[in-house]
Amino acid sequence: LLAASICETALQVSSAKSAALVRWRADVQKGWVSYTTAGFRPFPFQIEAETLVFKACQTGMVTFMDDTSPTDRRVSLMSEGDDGWRGGAVGIVPLKRGRDVLGAIVVASTEPGHITQDEVDNLGALGAVAIGPLEMAWEFDAANKRASTDGLTGLVNRRAFDEHLKRLLNETDRFGQPLALIVGDIDHFKRINDTWGHEAGDEVLRQVAGTLAEGVRTVDVIARYGGEEIAILLPQTSVAGAADMADRLRYSVEARTVKFKGEEI
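Residues numbered from 1 in each chain as written. Predicted model: local features only at pLDDT ≥ 70, side-chain atom pairs only at ≥ 80, totals over all residues. Heavy atoms only, no water.

Regarding the packing of aromatic side chains
The tally for this structure, following the rule as stated, stands at 3 aromatic pairs. An angle of 40 degrees between the planes, with centres 4.9 Å apart, marks the rings of Tyr35 and Phe43 as tilted. The exposure class assigned to Phe43 is partly exposed, which follows from its relative accessible area of 36%. Above the face of the Phe45 ring, Arg41 is positioned so that its terminal group lies 4.0 Å from the ring centre. (Phe/Tyr/Trp six-rings, centres within 6.5 Å; stacked < 30°, edge-to-face > 60°. Buried < 20%, exposed > 50% of the residue type's maximum accessible area, 1.4 Å probe, protein only. Lys NZ or Arg CZ within 6 Å of the ring centre and 35° of its normal.)

Structural data, given as structure tokens:
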């Protein structure tokens, strides 16, 4: 709600037609779009390197172009292929706490000259007011995520998985839609630990988890359910659909080579 309110206010204090809120983490040099209004691609998604927003967050510098038409069309705004913003106007205002960049407000219009420097200055004032509540909200969100995430694999942990399961079962009962469950484990995992050591076993777990996470949909819930056990909830999915997904995931893991300290496992 806070992110939506900031974006809507950004549209009110400017002539922009689209607005987005970006969260930035300088420690890992990554940014994520946490909210977008109409005109931008649906959130959430990661800001790609070498884009205008990525560079503005890196440097902490306000970026304003009242006409992007003369710019190199290979330069993108937030993600590859968005053409810098289709020949209109763009404003990017980093959100800063002291010298640290925590995010950015991004506004755009498809009409050149439709955003002015004064309006970008207004966004700076909006950012100064919003940064305190945003920082608290993001810290709270990060704490919640840490509490629900398995520290080794980055997947949902057992407690959070049980909560998702309860919620999805209630939705299934209410709307009569199918819900599928895939459970798998890593074959010969004890042999991996015994042969290469527990550090190697941890690396195998991380890589298998990453492969599986890449293969599921955004609506699916994937969790580390036990030692080397992975559980995946698939909303609105039939048994046949789940079996097909399980096979595709199994093939992806089978095709993956895990290397540890120069050795293939």
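Points about the pairing of strand S2 (residues 30–36)
Strand direction decides the pairing type here: strand S1 (residues 18–25) and S2, joined by 6 bridges, are antiparallel. Across the sheet, Arg25 pairs through a bridge with Lys30, a residue of S2. Remark: 4 residues form the turn of the hairpin made by S1 and S2, two consecutive strands paired antiparallel; Gln29 in that turn has positive phi of roughly 55 degrees. Two elements, S2 and strand S3 (residues 45–46), share 2 bridges in a ladder whose sense is antiparallel. Paired with Val33 across the bridge in S3 is Phe45. (Pairing = 2+ DSSP bridges. Helix = DSSP H or I, 4+ residues; strand = E, 2+ residues; numbered from the N terminus.)

Here's the deal with the pattern of salt bridges
As enumerated under the stated definition, the model contains 12 salt bridges in all. Note that Arg224 is salt-bridged to Asp150, the shortest N-O span being 3.3 Å. Here Arg224 is found in strand S8 (residues 221–224), whereas its partner Asp150 is found in the loop between helix H3 (117–148) and helix H4 (158–175), with 74 residues between them in sequence. Of the residues examined, Asp150 reaches a relative accessible area of 15% and is grouped as buried. Residue Arg159 pairs with Glu163 through a salt bridge whose shortest N-O separation is 2.8 Å. Residue Arg159 and its partner Glu163 are located together in helix H4, separated by 4 residues, close to a single helical turn. Residue classification places Glu163 among the partly exposed residues on the basis of a relative accessible area of 47%. (Salt bridge = Lys/Arg side-chain N within 4 Å of Asp/Glu carboxyl O.)

Concerning the side chain of Ser76
As for its placement among the helices and strands, Ser76 is situated in the loop between strand S4 (63–65) and strand S5 (89–97). Reaching out from Ser76, the side chain makes a polar contact with the backbone oxygen of Ser79 at a distance of 3.4 Å. (Polar contact = N/O pair within 3.5 Å; in protein donor to acceptor, adjacent residues only side chain to side chain.)

Quick look at the layout of surface pockets
Empty space within the largest pocket amounts to approximately 1700 Å³. As for the largest pocket, its lining consists of 38 residues, of which Arg23, Trp32, Pro44, Asp141 and Lys145 are closest to the centre. Only helix H1 (2–12), S1, S2, H3, H4 and S8 provide two or more residues apiece to the lining of the largest pocket. Ranked by residues supplied to the lining of the largest pocket, first place goes to H3 with 11 residues. Of the residues belonging to the lining of the largest pocket, the class tally is 21 nonpolar, 7 polar and 10 charged. Here the second largest pocket defines a volume of roughly 710 Å³. (1 Å grid on protein atoms, 1.4 Å probe; cavity = no way out; pocket = protein on both sides within 12 Å on 5 of 7 lines; lining within 4 Å. Points joined across faces, edges and corners; volume = space filled by probe spheres on them. Nonpolar A, V, L, I, M, F, W, Y, C, P; charged D, E, K, R; others polar.)

Describing the nonpolar core
Ranked by size, the top nonpolar core spans 22 residues in total, and within it Ile6, Ala10, Leu21, Ile105, Val107, Leu123 and Leu134 carry the most contacts. At the level of secondary structure, the elements contributing two or more residues to this core comprise H1, S1, S5, strand S6 (100–109) and H3. Considering each element in turn, this core owes the most residues, 7 residues, to H3. Discounting chain neighbours no more than four positions away, the residues touching Ile6 are Leu21, Ile105, Leu126, Ala130 and Leu134. Grouped together as the second largest cluster of nonpolar side chains are 21 residues, Phe45, Phe54, Met65 and Ala108 included. (Core = buried A, V, L, I, M, F, W, Y, C linked by side-chain atoms within 4.5 Å. Contact = heavy atoms within 4.5 Å.)

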